Amino acid sequence: PIQETFLQCLSTHSLTSTPISEVTYFPNNPNYLSVLNSYIRNLVFTSPTTPKPLFIVTPTHVSHIRASIICSKIHGLEVRIRSGGHDYDGLSYVSAVPFIMVDLFNMRSVSVDIEDESAWVESGATLGEVYYRIAEKSKTYGYPAGVCPTVGVGGHLSGGGYGNLMRKHGLSVDNIVDAVLVDANGNVLDREAMGEDLFWAIRGGGGASFGIIVSWKIKLVQVPEVVTVFRVERTLEEGASDIVYQWQHVANKIDEDLFIRVVLNPVTRKGQVTIKAKFNALFLGNAQRLVSDCKEMSWIESVLFWSNYQIGTSTDVLLERHSTKEKYLKRKSDYVQEPISKTDLEGIWKKMIQLRKPVLTFNPYGGKMSEISELDTPFPHRSGNIYKIQYAASWKEEGAEAVDHNLDLIRKLYDYMTPFVSKSPRCSYLNYRDIDLGINEIGNASYEQASGWGTKYFKGNFDRLVQVKTMVDPGNFFRYEQSIPSLEASS
Ligand code: FDA
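Conventions used here
- Residues numbered from 1 in each chain as written.
- Predicted model: local features only at pLDDT ≥ 70, side-chain atom pairs only at ≥ 80, totals over all residues.
- Heavy atoms only, no water.
- Helix = DSSP H or I, 4+ residues; strand = E, 2+ residues; numbered from the N terminus.
- Buried < 20%, exposed > 50% of the residue type's maximum accessible area, 1.4 Å probe, protein only.
- Contact = heavy atoms within 4.5 Å.
- Near = heavy atom within 4 Å.
- Polar contact = N/O pair within 3.5 Å; in protein donor to acceptor, adjacent residues only side chain to side chain.
- Areas by Shrake-Rupley, 256 points an atom, 1.4 Å probe, with all protein chains shown as cover.
- Disulfide = S-S within 2.5 Å.

K.L.:
Is there a simple way to think about the side chain of Thr-126 in this case?
P.N.:
Along the chain, Thr-126 falls in the loop between strand E6 (118-122) and helix H4 (127-137). The class for Thr-126 is buried, based on a relative accessible area of 2%. Beyond its immediate chain neighbours, meaning those up to four positions away, Thr-126 contacts Pro-149, Thr-150, Val-151, Gly-152, Val-153, Leu-318 and Arg-321.

Printed below as a string of structure tokens:
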């Protein structure tokens with residue numbers, strides 16, 4: 001009966017030629033599980049005991065989105081919104097409270113206008129699809145966003161979005177000029193209609209606190225016809241400590257055309273555990289301008305190189321929305337504002353060798369990132385940061401024991417790093433979702449509780465996000481485990 005009542009409500013409120021019942025999946029539908037699982041990127045949340053949505057709507061039209069919001073409100077249900085499903089802690093498709101899921105994978109058109117240097121992109125598109133469609137039209141345009149092609153536009157663009165064009169062009173959120181969102185009352189709003197405060201909030205404050213973002217107008221950036229990449233690996237025995245130490249002094253200061261990421265990984269060499277430092281680089285220019293022994297290619301080919309595809313692989317792989325590399329995983333993040341001394345780096349290597357598992361990735365800041373005010377978008381980690389650290393634990397073993405073991409390892413390394421990273425607050429990157437920082441109480445979101453993790457993600461911008469939230473969604477309809485609280489709804 002609840003199924004009938006709900007479908008009835010959805011049909012009444014959606015006015016399109018595709019009946020909403022055809023794109024709605026209840027658990028008794030044979031396709032329910034495959035629809036749910038096809039965009040789960042963290043295997044921790046595929047277990048039979050993981051709480052699942054009461055049903056899933058996969059809109060093909062904005063009117064399906066409106067109906068989902070209106071009917072969930074009428075029936076007092078929470079909504080989870082999923083675009084690409086890459087949320088590290090599964091907040092787009094898991095919750096302890098009864099909820100429905102709106103999954104946008106059917107809404108993924110990308111329409112590129114080279115003359116206007118822009119594109120309209122629907123939230124269900126992947127970054128790979130965006131890059132592919134841009135490169136199809138022009139070899140001298142790109143878009144600053146993440147390096148993993150399967151990441152979804154919806155979550156990525158509303159949470160920050162960084163990649164190897166960051167030092168030259170800033171983040172994804174720095175290159176968005178318009179958006180279409182459905183608010184808590186089912187209104188469909190573009191930038192002009194939503195106003196500048198809400199438009200500010202959805203560019204880095206996490207979209208799911210404010211509405212369902214249907215599409216984004218992005219600003220394309222110019223890239224040279226030829227770019228250059230290199231990948232160099234060194235172990236501790238080959239001098240990695242010195243190079244990482246020196247990297248910290250130049251990575252955020254060198255020419256903004258150059259982005260060099262460092263990935264630090266415990267590996268076994270000749271029976272001994274050591275640390276391997278992998279330096280991945282993108283240079284926006286030809287090899288002669290950089291140094292010899294590098295590879296020149298087009299920007300779209302560099303996207304494949306950074307995703308670890310072999311040189312020569314067809315760019316068609318960017319249209320592949322699914323990955324075969326799914327793992328159990330946990331991620332955390334930190335910001336470094338002072339170079340870590342060589343002795344302390346050596347202490348970190350020792351700790352990593354002892355723990356064996358977590359991998360550290362250092363991503364340099366500086367360049368354009370230091371020129372943009374931390375008030376421009378909710379993303380506050382701008383000038384003063386040398387690099388961001390990503391902590392990564394990934395594993396293949398099933399079961400709760402493996403989860404506990406790996407969470408313990410990554411938390412130990414995170415604790416060990418405390419003296420070397422940003423303080424008051426110890427900052428984190430929203431798109432590296434980390435529920436260790438805290439979650440809202442079920443059914444409520446108090447300012448005090450949320451400010452614990454909110455100031456880590458947003459620093460002083462947290463208060464402005466709360467103000468916008470209170471203005472556009474006072475009743476806190478769009479709530480989830482790490483949503484921005486409304487001052488009117490919180491106790
Ligand atoms: P997902 O669908 O899980 O959504 C994430 C959050 O956004 C949830 O809270 C969800 O409710 C909300 N949301 C999604 N769509 C919405 C919409 N249309 N309207 C409102 N709210 C919406 N990051 C980065 O900056 N650079 C990188 O290179 C990478 N690389 C990377 C690789 C891999 C393998 C993973 C798993 C993750 C990354 N990330 C990343 C992190 C990534 O940017 C982050 O997880 C994004 O939020 C993912 O967006 P999805 O739409 O895929 O996630």
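K.L.:
Would you mind going over the site of the ligand with me for this structure?
P.N.:
In the neighbourhood of the ligand, 30 residues make up the surrounding shell, with Ile-81, Ser-83, Ser-92, His-156 and Tyr-429 lying closest. For the ligand, an oxygen atom lies 3.1 Å from a polar atom in the backbone of His-86. For the ligand, an oxygen atom lies 2.8 Å from a polar atom in the backbone of Gly-152. In the complex, 93% of the free accessible area of the ligand, which totals 960 Å², lies under the protein chains. Secondary-structure elements contributing two or more residues to the shell around the ligand are strand E3 (78-82), helix H5 (153-159) and strand E10 (212-219). With three residues, the top contributor of residues to the shell around the ligand is H5.

K.L.:
Explain the state of the cysteines here, please?
P.N.:
Cysteine pairs can be linked by a disulfide, which is a covalent bond between their two sulfur atoms. Using the criterion set out here, one finds one disulfide in the structure. The side chain of Cys-9 participates in a disulfide bridge whose partner is Cys-71; the two sulfur atoms lie 2.2 Å from each other. The sign of the S-S torsion, about -100°, decides the handedness of the disulfide formed by Cys-9 and Cys-71: left-handed. Within this pair, whereas Cys-9 is found in helix H1 (residues 2-13), its partner Cys-71 is found in helix H3 (residues 62-74), the two being separated by 62 residues in sequence. Accessibility classification places Cys-9 together with Cys-71 in one group, the buried group.

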